[in-house]
Amino acid sequence: MKDILAAPSVTALIRTMSNMYAKGWDERNAGNISLRLEESELADYLDLQAVDRRLPTGFSAPSLDGMYFLVTGTGKYFKNAADAPARDLGIVRLVQGGSSAELLWGFTDGSRFTSEFPAHMMSHAARLRVDPENRVVLHCHPTHLLAMSFVHDLDEAAFTHTLWQMCTECVMVFPDGINVLPWMLCGTNAIGEATAKKMETARLVLWAQHGVYGAGRSLDECFGLIETAEKAAEVYLKIAHLPVVNTIPDEGLQQIADHFGVKLREGYLNKGLSQKIVHNSKK
Ligand code: 13P
Ligand code: ZN
């Protein structure tokens with residue numbers, strides 16, 4: 001057997017966690033990641049018949065039955081994952097309609113997957129229905145998106161439009177926009193179900209006054225998605241209290257989408273708060 005610590009998915013996950021920590025998105029134990037793996041990716045590294053422990057999940061996810069996930073542990077610090085991957089990460093196989101997970105590797109200190117496992121698994125199921133190549137669900141607490149959720153209208157179209165206006169690249173990176181959940185108790189099946197519902201129409205879901213979820217085909221793509229939205233939120237917070245005199249007009253946003261061949265979320269133009277700021281400042 002090859003060394004699992006050298007498996008590309010494990011090294012990529014650890015690199016992503018370190019980068020997220022460096023960005024300031026994952027203080028203490030904040031954040032969690034799940035990466036769907038193919039059996040063929042694991043066969044050279046693990047005896048897939050050797051189950052260490054069985055972990056009840058507390059929910060059912062029949063469409064994920066038999067799937068493998070590399071996932072971060074609850075209470076683990078992203079800062080430290082590189083020092084003790086076998087302690088802080090785990091590889092599980094969902095069984096019994098998703099109601100149980102077989103631990104194949106990791107969580108060597110007896111711990112278990114993230115408390116947000118319901119939101120992760122339900123989001124995987126939702127994204128896989130939309131995009132069979134989706135592999136990643138990633139949650140973190142990026143400062144500016146979090147801050148923006150205190151001061152901006154949480155209407156999804158308005159929030160999305162404002163982010164789109166903050167950097168030219170935004171409409172290319174998340175033409176599907178960002179969906180928004182009001183503040184809810186985290187770590188529950190209820191927030192998992194609500195997040196998964198929002199994941200049906202967008203790869204970004206804001207948890208107001210908490211953080212953000214992203215989904216994508218690779219860790220890099222998902223990291224970049226959140227990085228772009230977070231950058232836009234940072235720009236917004238830098239200008240929100242100033243008289244804005246220039247902006248990207250909606251025709252410009254549409255031009256970018258047309259030029260780069262992406263389809264903007266229907267009905268989301270002419271919705272941003274910043275549009276009003278621009279309008280008022282010209283009076
Ligand atoms: P976990 O440590 O259980 O992953 O929780 C961190 C978090 O961000 C909760 O939303
Ligand atoms: Zn969180």
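What you see is a predicted model, and the numbers here were worked out from it, not measured in a lab.

A. Spotlight on unusual backbone geometry. Phi at Arg28 is positive, roughly 45°, even though this residue is not glycine. With respect to the helices and strands, Arg28 occurs in the loop between α1 (8-23) and β1 (32-37). Even without a glycine there, the phi angle at Gln209 is positive, about 60°. As for its placement among the helices and strands, Gln209 is situated in the loop between β8 (204-207) and β9 (211-216).

B. Broad picture of the packing of aromatic side chains. This model, assessed by the stated rule, comprises five aromatic pairs. On the numbers, 6.1 Å between centres and 45° between planes, the contact of Phe59 with Phe117 is tilted. Linking Phe59 in the loop between β2 (53-56) and β3 (68-72) with Phe117 in helix α4 (residues 117-130), this pair joins segments that are 58 residues apart in sequence. Relative accessible area serves as the criterion here: at 7%, Phe59 is assigned to the buried category. For Phe117, a relative accessible area of 1% puts it in the buried group. By way of ring pairs, the aromatic residues Phe59, Phe113 and Phe117 are connected into one cluster.

C. Spatial organisation of the site of ligand 1. If you check the shell around ligand 1, you find Asn29, Ala30, Gly31, Asn32, Thr74, Gly75, Thr114, Ser115, Glu116, His139, His141 and His210 and nothing else. For ligand 1, an oxygen atom lies 2.7 Å from a polar atom in the side chain of Thr74. The separation between an oxygen atom of ligand 1 and a polar side-chain atom of Glu116 is 2.6 Å. Protein contact buries 93% of the 310 Å² of open area that ligand 1 shows by itself. Of the residues belonging to the shell around ligand 1, the class tally is one nonpolar, ten polar and one charged.

D. Inspection of the coordination of the zinc ion (ligand 2) at higher detail. Within the protein, the atoms that donate to the zinc ion (ligand 2) are His139 (NE2), His141 (NE2) and His210 (NE2), at distances of 2.1 Å. If you list the donors of the zinc ion (ligand 2) from N- to C-terminus, the spacing comes out as H-x1-H-x68-H. With His141 in the loop between β6 (136-140) and α5 (143-151) and His210 in the loop between β8 and β9, the pair connects residues that are 69 residues apart, well separated along the chain. Across the pair, exposure class does not vary: His141 and His210 are buried alike.

Each value, and the rule that gives it
Residues numbered from 1 in each chain as written. Chains lettered and ligands numbered in written order. Predicted model: local features only at pLDDT ≥ 70, side-chain atom pairs only at ≥ 80, totals over all residues. Heavy atoms only, no water. Helix = DSSP H or I, 4+ residues; strand = E, 2+ residues; numbered from the N terminus. Phe/Tyr/Trp six-rings, centres within 6.5 Å; stacked < 30°, edge-to-face > 60°. Buried < 20%, exposed > 50% of the residue type's maximum accessible area, 1.4 Å probe, protein only. Near = heavy atom within 4 Å. Polar contact = N/O pair within 3.5 Å; in protein donor to acceptor, adjacent residues only side chain to side chain. Areas by Shrake-Rupley, 256 points an atom, 1.4 Å probe, with all protein chains shown as cover. Nonpolar A, V, L, I, M, F, W, Y, C, P; charged D, E, K, R; others polar. Donors = N, O, S within 2.8 Å, 3.2 Å for Na, K, Ca; no water.

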